[in-house]
Amino acid sequence: MKINITVNGQNQFEYFLNTLLLGCITAILNKKANIADMENLIFNPRIAKYLTENFDYMQCINIITLGMELEDIESLVPECLDDELIKLQNMLLDNFNNLKLSNHTSINITAS
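Note that the coordinates shown come from a computational prediction; the quantities given were computed from them, not determined experimentally.

Asker: Account for the state of the cysteines, with residues named and values stated.
Answerer: Across all of its chains, the model carries zero disulfides by this definition. Its sulfur unpaired, Cys24 is 11 Å from the next cysteine sulfur, which belongs to Cys60.

Asker: Give a detailed account of the nonpolar core, specifying residues and quantitative values.
Answerer: One finds Leu17, Leu21, Ile42, Phe43, Ile64 and Leu70 to be the most contacted residues of the largest nonpolar core, which totals 29 residues. Elements that contribute at least two residues to this core include exactly helix 1 (10–29), helix 2 (35–41), helix 3 (45–54), helix 4 (58–67), helix 5 (70–76) and helix 6 (81–95). In terms of residue count, the dominant contributor to this core is helix 1 (nine residues). For Leu17, the contacting residues outside a window of four places in its chain are Ile42, Leu51, Tyr57 and Cys60.

Asker: Requested: an account of the packing of aromatic side chains, with residues and values cited.
Answerer: The full count for this structure, using the stated rule, is three aromatic pairs. Taken together, a centroid distance of 4.3 Å and an interplanar angle of 20 degrees make the contact between Phe13 and Phe55 stacked. Here Phe55 lies in the loop between helix 3 and helix 4 and Phe13 lies in helix 1, a separation of 42 residues in the sequence. Classification of Phe13 by relative accessible area gives buried; the value is 15%. When its relative accessible area of 24% is taken as the criterion, Phe55 is described as partly exposed. An aromatic cluster is present here, built from Phe13, Tyr50 and Phe55 joined pairwise through their rings.

Asker: Before we move on, can you summarise helix 4 with the specific residues and values?
Answerer: For the α-helix, the turn length of 3.6 residues means that residues three or four positions removed from each other point alike. Restricting attention to buried positions, one finds in helix 4 the residues Cys60, Ile61, Ile63, Ile64 and Gly67. Along the long axis of helix 4, the arc covered by the buried residues comes to 160 degrees, so they all point the same way. If you follow the buried residues of helix 4, they end up packed against helix 1, helix 3, helix 5 and helix 6.

Conventions we followed
- Residues numbered from 1 in each chain as written.
- Predicted model: local features only at pLDDT ≥ 70, side-chain atom pairs only at ≥ 80, totals over all residues.
- Heavy atoms only, no water.
- Disulfide = S-S within 2.5 Å.
- Core = buried A, V, L, I, M, F, W, Y, C linked by side-chain atoms within 4.5 Å.
- Buried < 20%, exposed > 50% of the residue type's maximum accessible area, 1.4 Å probe, protein only.
- Helix = DSSP H or I, 4+ residues; strand = E, 2+ residues; numbered from the N terminus.
- Contact = heavy atoms within 4.5 Å.
- Phe/Tyr/Trp six-rings, centres within 6.5 Å; stacked < 30°, edge-to-face > 60°.
- Arc of directions from axis to C-beta.

What follows is the structure, encoded as structure tokens:
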């Protein structure tokens, strides 16, 4: 099955991406998901490169890059992992101050 997520414009995309990243960080922080799974999902160089080449939303691209370092933090200084996750979580929450999702448009999800 192929699932398509369609957003209408840059603002919707930024809102969606910020929300996705916030969910990933929150899931790791609450021990509901592991870092390796989130690296496969979003915290990887392929995603960072694609977003850098195709979108101008550096706040989330920077968070994705920082997310790629979480496994190193976990293995080298595990006592700092939760603090780093909280820092990323707060950055994402702060991003919502600058994001607006129009009441007249919605994100569409379809399957084929």
